[in-house]
Amino acid sequence: MESFVVHTGTAVPLRRSNVDTDQIIPAEYLKRITRSGFEDGLFAAWRKDPDFVLNQPAYAGATVLVAGPDFGTGSSREHAVWALQNYGFKVVLSSRFADIFRGNSGKGGLLTAQVPQEVIEALWQAVETDPSVPVTVDLDRRVVSAGEVVSAFEVDDYVRWRLMEGLDDIGITMQRADQIGGFEASRPSYLPTTTAVT
Amino acid sequence: MGRTLAEKVWDAHVVRHAEGEPDLLYIDLHLVHEVTRPQAFDGLRDSGRVVRRPDLTLATEDHNVPTQDIGLPIADPVSRAQVDALRANCAEFGVPLYSLGDVEQGIVHVVGPQLGLTQPGMTVVCGDSHTSTHGAFGALAFGIGTSEVEHVLATQTLPLKPFKTMAITVDGDLPPGVSAKDVTLAVIARIGTGGGQGYVLEYRGSAIRSLSMEGRMTLCNMSIEAGARAGMVAPDQTTFDYLEGRPHAPSGTDWDTAVAHWRTLPTDDDATFDAEVVIDASTLSPYVTWGTNPGQGLPLTGSVPSPDDARDEVERVAIERALEYMDLAPGTPLSEIPVDTVFVGSCTNGRIEDLRVVADVLRGRKVSPAVRVLIVPGSVRVRLQAQAEGLDTVFVEAGAEWREAGCSMCLAMNPDKLAPGERSASTSNRNFEGRQGPGGRTHLVSPAVAAATAVTGRLTAPADLSPVA
């Protein structure tokens, strides 16, 4: 996993609350066998509307999503995180995230930064006034800034540490390779392997 | 203080324990099938990782595979793509795979035990909720999600928080004609589909001890339908007898060492469970489901319930919805419900013993002309064994279809499906809306009831059939 310390990019204002994971990625996309390429399914239903914010050229290439409260509710599908990342988002800002979505994001390396709703409102205004305004998310200092808007954000300490070190769950466990190897050496010899027997 | 079976297995697999963190548990066996999230392999590839222990990993093709014309390419492009992805991933990462056409192919939860890969005291995982099946051997076995599959592939471990333990004690003798399937349907009807949430169930008592390994697998398989993470039965002589001589079971002095260890696994007398449910085996009879979740079951001698029977508003709405979907009227005797399809198979009841029970009922009888009967062995080995015993002849002469191995109509990912409005008696594990095909209606039953139902065309216990002339 890439390490995340400071990120600067443009932002999309998503003026909706209770964005559930069925909206983020509809079930019909779950049959796919890859982990990449879900960007076309991201907000698929909403994107049919030509006026939807992601369809506006001014917001092309944005990497920060500024969303309303209760983002990521509903189904636990990990595809929701993949869809956002595949589209290019590195950070989602909201005043409240659903637990499972936030957990899945931490595992996948997508930063969910929590700020008060008035900061969301201020960010919406800033990026609607000037879509090219750079938004900087500093994970080390836990500060988000865009033009005149500057705010601290909340993020779980453990998730922050993992993101800054670029460690996913697997990366962390792999740091215990010596312990795993030691355990393996102590396993009884009668335990089976799947290698074909003749 | 004494420990339970589940706690002993857990403790023996802790690679790392630290305050405030989940335990890191070693995984002895990781099973994989073609629907087990191909994304997990993608994740490995993207991060340049390898499968740490391909020799503790085994893949088979089961969910999507056809049960007819298996020499032909798979017709459905989505199914074919999943199978092709599994083959490519296994080849790239060195994971042993039993493909369609191989003599060891079959449902992953039938294949592991029959190869002797599932042994007492092991930890077993698979990206499939019915992994609980393997608990029948006294293994701690449970289903996992996509990220966890990738985690096990890369590290052969999983960070886990401890489960609670629940004893399901079934004492006494099961009446004739009552099988493990009836026990599990009765348990789920009693504790509900969420009753086991957060628990590992340990099935105990004299009725459980008298069950064969096949019966114990049926029981543990359905633990997930009670919401439990896993189900377990302590290993005993029945377990050892089943394992001895199987291809991957220990042999020689290893066998003696293993058995000596396995004998230490049963729950200590002074151990305590977080919860206990006690059932008197002698009160049990053949169970069937009438609704749209596995907890909506009753003795076959009963009648379709009424929303007025509900204990609360939530249950009343649930009964109403289930009756509407199932197109059943309150008060209808369950034994008068007609079916047009009977499905025998699945990881719940697709083993040789299940097929013997069905053959015993069908021998000398004909299935009703109004009923389509599919008999799908759980593995190629089960199919071959059944044929060696002449069971296939019994099935075909009775008018049933004898198919190739796979998951088949249990979840209708292959061409074996119910049409909208069709009704089945099924030996599988889930009667959810649309599970066996959109608009299809499912009654979960034991193999014996499935066979008797095939003969009469309505839900029937073998005891109610007229004797063979």
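Computed from a prediction, not measured in an experiment: that's the story for all the values here. Each residue is numbered by its place in its chain's sequence as written, counting from 1. Ligands are numbered from 1 and chains lettered from A, in the order in which they are written. Confidence filtering applies because this is a predicted model: local features only for residues at pLDDT of at least 70, side-chain atom pairs given and counted only at 80 or more, and all residues used for totals across whole chains, interfaces and linings. The side-chain quantities take in all heavy atoms of the structure and omit both hydrogens and water.

Peer 1: Account for the sheet that holds strand S7 (residues 140-143) of chain B, naming residues and giving values.
Peer 2: All names here are of chain B. Strand pairing is assigned whenever DSSP identifies at least 2 bridges connecting the two strands. Strands here mean DSSP runs of E at least two residues long; helices mean DSSP runs of H or I at least four residues long; both are numbered from the N terminus. Reading across from one edge, S5-S4-S3-S6-S7 is the order of the five strands in this open sheet, with parallel pairing throughout. On the outer flanks of this sheet lie strand S5 (97-98) and S7, each paired with one strand and no other. Where strand S3 (residues 29-33) meets strand S4 (residues 57-60), four bridges bridge the pair, whose relative direction is parallel. Bridge pairing in S4 links His30 to Thr57.

Peer 1: Tell me about the packing of aromatic side chains, and please be specific about residues and values.
Peer 2: Only Phe, Tyr and Trp rings are paired, with Trp represented by its six-membered ring, and only when their centres lie within 6.5 Å; those with planes under 30 degrees apart are stacked, over 60 edge-to-face, the remainder tilted. Taken as a whole and judged by the stated rule, the model has 17 aromatic pairs over all chains. Summarising the aromatic geometry, the rings of Phe71 of chain A and Phe97 of chain A are spaced 6.4 Å apart at their centres and angled 80° between planes, so their arrangement reads as edge-to-face. Residue Phe71 of chain A is located in the loop between strand S3 (64-67) and helix H3 (79-87), and its partner Phe97 of chain A is located in the loop between strand S4 (91-94) and helix H4 (99-108); the two are separated by 26 residues in the primary sequence. Like Phe97 of chain A, Phe71 of chain A is buried. Pairing Phe240 of chain B with Trp262 of chain B gives two aromatic rings, centres 5.8 Å apart and planes at 25°, and the pair type is stacked. Taken together, the positions of Phe240 of chain B in helix H9 (residues 237-243) and Trp262 of chain B in helix H10 (residues 253-262) put the pair 22 residues apart, joining distant regions of the chain. A relative accessible area of 2% places Phe240 of chain B in the buried class. Residue burial is assigned from relative accessible area. The probe radius is 1.4 Å, only protein chains are included, and a residue is buried under 20% of its type maximum, exposed over 50%, and partly exposed in between. According to the relative accessible area criterion, Trp262 of chain B is buried, its value standing at 0%. Taken together, the ring pairs connect Tyr190 of chain A together with Phe240, Trp255 and Trp262 of chain B into an aromatic cluster. One Lys or Arg, Arg246 of chain B, reaches over the ring of Tyr242 of chain B and ends 3.8 Å from the middle of that ring. Whether a charge sits over a ring depends on NZ of Lys or CZ of Arg being within 6 Å of the ring centre and within 35 degrees of the ring normal.

Peer 1: How would you summarise the side chain of Gln82 of chain B if you had to cite specific residues and measurements?
Peer 2: For Gln82 of chain B, the location among the structural elements is in helix H3 (residues 77-93). Pairs of N or O atoms within 3.5 Å make up the polar contacts considered here, provided that, within protein, one atom can donate a hydrogen while the other can accept it, and that residues adjacent in sequence are counted only when both atoms are side-chain atoms. A distance of 2.8 Å separates polar atoms of two side chains, one belonging to Gln82 of chain B and the other to Asn64 of chain B. When checking whether two residues touch, look at their non-hydrogen atoms; a contact exists if any pair is within 4.5 Å. Among residues more than four places away in sequence, those in contact with Gln82 of chain B are Lys31 and Ile33 of chain A together with Glu34, Val35, Asn64 and Met413 of chain B.

Peer 1: Please set out the pattern of salt bridges residue by residue, giving values where relevant.
Peer 2: Between Lys or Arg on one side and Asp or Glu on the other, a salt bridge is scored when a side-chain nitrogen of the former is within 4 Å of a carboxyl oxygen of the latter. Evaluation of the coordinates by the stated rule reveals 32 salt bridges over all chains. We note a salt bridge from Asp28 of chain B to Arg187 of chain A, for which the minimum N-O separation is 2.7 Å. Of this pair, Asp28 of chain B sits in the loop between strand S2 (23-26) and S3 while Arg187 of chain A sits in the segment after helix H8 (177-186), which puts the two residues in different chains. Here Glu389 of chain B and Arg356 of chain B are joined by a salt bridge, their closest N and O atoms 2.7 Å apart. With Glu389 of chain B in the loop between helix H14 (380-388) and helix H15 (391-398) and Arg356 of chain B in helix H13 (residues 352-362), this residue pair connects regions lying 33 residues apart in the sequence.

Peer 1: Tell me about unusual backbone geometry, and please be specific about residues and values.
Peer 2: Phi at Phe43 of chain A is positive, roughly 50°, even though this residue is not glycine. Using a relative accessible area of 0% as the deciding quantity, one classes Phe43 of chain A as buried. With a phi angle near 55°, Ala412 of chain B is a residue other than glycine that sits in the positive phi range. Assignment of secondary structure puts Ala412 of chain B in the loop between strand S17 (401-402) and strand S18 (423-426). Taking the relative accessible area as the measure of exposure, Ala412 of chain B reaches 11% and is therefore buried.

Peer 1: Can you tell me about the interface of chain B and chain A, naming the residues and giving the values?
Peer 2: Counting residues at the interface gives 47 residues for chain B and 34 residues for chain A. By buried area we mean the combined loss of accessible area, with a 1.4 Å probe, across both parts when two parts are placed together. For the pair chain B and chain A, the two sides together bury roughly 3400 Å², of which 58% comes from carbon and sulfur. Area buried by chain B at its contact with chain A is led by Gln39, Arg49 and His248 of chain B, which between them contribute 17% of it. Applying the counting criterion to the chain B and chain A interface returns four salt bridges. Here Arg53 of chain B and Glu184 of chain A are joined by a salt bridge, their closest N and O atoms 3.1 Å apart.

Peer 1: How would you explain the sheet that holds S2 of chain B if you had to name every residue and give the values?
Peer 2: Across the sheet, which stays open at both edges, the three strands sit in the order S1-S2-S8 (chain B) with antiparallel pairing between neighbours. Sheet topology places strand S1 (14-16) and strand S8 (157-160) of chain B at the edges, where each strand pairs with a single neighbour. Strand-to-strand twist in this sheet, taken as the mean axis angle between neighbours without regard to direction, amounts to 40°. Here S1 of chain B pairs with S2 of chain B via two bridges, running antiparallel. Directly across from Arg16 of chain B, in S2 of chain B, lies its bridge partner Leu24 of chain B. Note on geometry: axes are lines fitted to C-alpha atoms, helical ones only across the stretch in contact, with angles between N-to-C directions running from 0 to 180 degrees. Here H8 of chain A sits on the sheet and contacts S1, S2 and S8 of chain B; the angle it forms with S1 of chain B, its principal contact strand, is near 150°.

Peer 1: Give me the nonpolar core: which residues, what numbers.
Peer 2: Residues and elements named next belong to chain B. We define a nonpolar core as any set of buried Ala, Val, Leu, Ile, Met, Phe, Trp, Tyr and Cys residues linked to one another through side-chain atoms lying within 4.5 Å. Core analysis: the biggest nonpolar cluster contains 89 residues, and Leu140, Phe142, Ile168, Val170, Leu174, Tyr203 and Trp262 have the highest contact counts within it. No other element matches the six residues that helix H6 (residues 180-191) contributes to this core. Setting aside chain neighbours within four positions, we find Ile168 in contact with Val187, Leu201, Glu202, Tyr203, Arg204 and Val277. Among the nonpolar cores identified, the runner-up in size contains 50 residues, and Ala310, Met326, Cys347 and Leu391 belong to it.

Peer 1: Hey, could you go over the packing of H6 of chain B against helix H8 (residues 213-221) of chain B for me, with residue numbers and the actual values?
Peer 2: All names here are of chain B. Orientation of H6 relative to H8, taken along the N-to-C sense of each, is 20°, at an axis distance of 8 Å. When the axis of H6 is compared with that of H8, the two are roughly parallel. The two elements H6 and H8 meet at a crossing, and its hand is right-handed. The segment H6 lies against H8, with Ala180, Lys181, Val183 and Thr184 engaging Gly215, Thr218 and Leu219. Residues were grouped as follows: Ala, Val, Leu, Ile, Met, Phe, Trp, Tyr, Cys and Pro as nonpolar; Asp, Glu, Lys and Arg as charged; and all remaining residues, including Gly, as polar. Split into classes, the residues belonging to the contact of H6 with H8 amount to three nonpolar, three polar and one charged. Angle categories: roughly parallel below 35 degrees, roughly antiparallel above 145, roughly perpendicular from 65 to 115, and oblique for all the rest. Here a crossing is taken to be left-handed if its near helix is turned anticlockwise relative to the far helix by less than a right angle, and right-handed if that turn runs clockwise.

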